[in-house]
Amino acid sequence: NEKYITAQILSQKLDKVYAIFESNLSFNKNDEKNKEASMEFLKELTDIVEKLEMKIDQIIPGKKEKKGKTIRIPYKIQFRSDYEKLGEFITKLENNDRIITIDELIIRNNLEKTRLNNMDDVNILNQEIEMKIYTVTLNKSKIL
């Protein structure tokens, strides 16, 4: 069945889909993708934030969650950004090799800061943003 599905995916030229499944598939419980927080993924996150010139407040990895044959690892991210850079950030997450789900997105639009006369336009546009995302690993192993 797996070989047939793989052949079907490749014959339809869905190489990107195949590559995503392949890079998120774990064959045993000791695989790096099944560990609590991946340093590689944290580095990718910080690289994205730096490239977009956003101000990051914190990234907090959480404990992994087992759900059936998947393992989800949460990351709580707090940063300051305008809406355009937030959209670019989400787009870069979508283009990542890891399967990433956005569980929560909170934008703190503080109305008080618009009343302050001494702030420049850039500070007014930057919003406090909090996200909770998960990396998802698909496990082929029967024992997790």
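Up top is the structure these notes are about.
Remember, predicted model here, so these are calculated numbers, not experimental data.

What follows is about the pattern of salt bridges. Within this structure, the stated rule accounts for seven salt bridges. A salt bridge links Asp 57 to Lys 55; the nearest nitrogen and oxygen atoms lie 3.4 Å apart. What makes Lys 55 partly exposed here is its relative accessible area of 49%. With a shortest N-O distance of 3.8 Å, Arg 80 and Asp 57 are connected by a salt bridge.

The next subject is the packing of aromatic side chains. Applying the stated rule across the entire model yields two aromatic pairs. Relative to Tyr 75, the ring of Phe 41 lies with its centre 4.9 Å away and its plane at 55 degrees, an arrangement referred to as tilted. You can see Phe 41 sitting in helix H3 (residues 39-51) and its partner Tyr 75 sitting in strand E4 (residues 70-81), a full 34 residues away along the chain. Judged by relative accessible area, Phe 41 falls into the buried class, the value being 2%. Above the ring of Tyr 134, the side-chain terminus of Arg 72 is found at 3.7 Å from the ring centroid.

About the cut-offs
- Residues numbered from 1 in each chain as written.
- Predicted model: local features only at pLDDT ≥ 70, side-chain atom pairs only at ≥ 80, totals over all residues.
- Heavy atoms only, no water.
- Salt bridge = Lys/Arg side-chain N within 4 Å of Asp/Glu carboxyl O.
- Buried < 20%, exposed > 50% of the residue type's maximum accessible area, 1.4 Å probe, protein only.
- Phe/Tyr/Trp six-rings, centres within 6.5 Å; stacked < 30°, edge-to-face > 60°.
- Helix = DSSP H or I, 4+ residues; strand = E, 2+ residues; numbered from the N terminus.
- Lys NZ or Arg CZ within 6 Å of the ring centre and 35° of its normal.

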